[in-house]
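Chain by chain, the residues:
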Amino acid sequence: MSFKGTTPAAADSRWRTEPPTQPGTYWFRREPSSREIMVDVRVTDGVLTVWWPNIDQPVTKFKASWRGPIPPSTGPGNR
């Protein structure tokens, strides 16, 4: 896949309080001052979910900030 102009990473670099609308890997934080973690958003029984803390939780359940989706790496370590 080739990206010209603005890359997805640049286009999605802002934090948003709206939950993700598509599966992928996202940055997630509960509060602006909290530590960011990377989470995988996936479809489970037709609903977008995150594995949290040990079960699938709907992304709409979280009052949090999201950034992404993070595009897959295409660098030399991705082989």
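No experiment lies behind these values; they were computed from the predicted model shown.

Q: How should the nonpolar core be read in this particular structure?
A: Nonpolar side chains in soluble globular proteins tend to be buried together. Ranked by size, the top nonpolar core spans 10 residues in total: Tyr26, Phe28, Val39, Val41, Leu48, Val50, Val59, Phe62, Ala64 and Trp66. Among the secondary structure elements, those contributing two or more residues to this core are strand 1 (24-29), strand 2 (37-44) and strand 3 (47-51). For Leu48, the contacting residues outside a window of four places in its chain are Pro20, Thr21, Gln22, Pro23, Val41, Arg42, Val43, Gln57, Pro58 and Val59.

Q: Where do I start with the packing of aromatic side chains in this structure?
A: The relation between two aromatic rings is expressed through the spacing of the ring centres and the mutual angle of the planes. Scanning the model with the defined rule gives 6 aromatic pairs in all. Plain terms: the ring middles of Phe28 and Phe62 are 5.5 Å apart, the flat faces sit at 85° to each other, and that makes the pair edge-to-face. Remark: Phe62 occurs in the loop between strand 4 (56-58) and strand 5 (65-67) and Phe28 occurs in strand 1; sequence separation between them is 34 residues. For the pair Phe28 and Phe62, one class covers both residues: buried. Lying across the ring of Trp15, Arg29 places its NZ or CZ 3.9 Å from the centre.

Q: What am I meant to see in the pairing of strand 2 here?
A: One face of the sheet, then the other: side chains in a regular strand alternate in exactly this way. Two strands pair when backbone bridges link them, and strand 1 and strand 2 are joined in this way by 5 bridges, in the antiparallel orientation. In the sheet register, Gly24 faces strand 2, and the bridge partner there is Val41. With 4 bridges joining them, strand 2 and strand 3 adopt antiparallel strand pairing. Along strand 3, the bridge assignment pairs Arg42 with Thr49. Adjacent in sequence and paired antiparallel, strand 2 and strand 3 are bridged by 2 residues, among which Asp45 carries a positive phi angle near 55°.

Q: I'm lost on the sheet that holds strand 2 in this one. Help?
A: Across a sheet, paired strands are connected by hydrogen bonds in the backbone, their directions being either parallel or antiparallel. The strand order across the open sheet formed by 5 strands is 4-3-2-1-5, and the pairing between neighbours is antiparallel. If you trace the sheet from one side to the other, it starts and ends with strand 4 and strand 5, each paired once. For this sheet the average axis-to-axis angle between neighbouring strands, irrespective of direction, equals 45°.

Calculation notes
Residues numbered from 1 in each chain as written. Predicted model: local features only at pLDDT ≥ 70, side-chain atom pairs only at ≥ 80, totals over all residues. Heavy atoms only, no water. Core = buried A, V, L, I, M, F, W, Y, C linked by side-chain atoms within 4.5 Å. Buried < 20%, exposed > 50% of the residue type's maximum accessible area, 1.4 Å probe, protein only. Helix = DSSP H or I, 4+ residues; strand = E, 2+ residues; numbered from the N terminus. Contact = heavy atoms within 4.5 Å. Phe/Tyr/Trp six-rings, centres within 6.5 Å; stacked < 30°, edge-to-face > 60°. Lys NZ or Arg CZ within 6 Å of the ring centre and 35° of its normal. Pairing = 2+ DSSP bridges. Axes fitted to C-alpha atoms, helices over the stretch in contact; angles between N-to-C directions.

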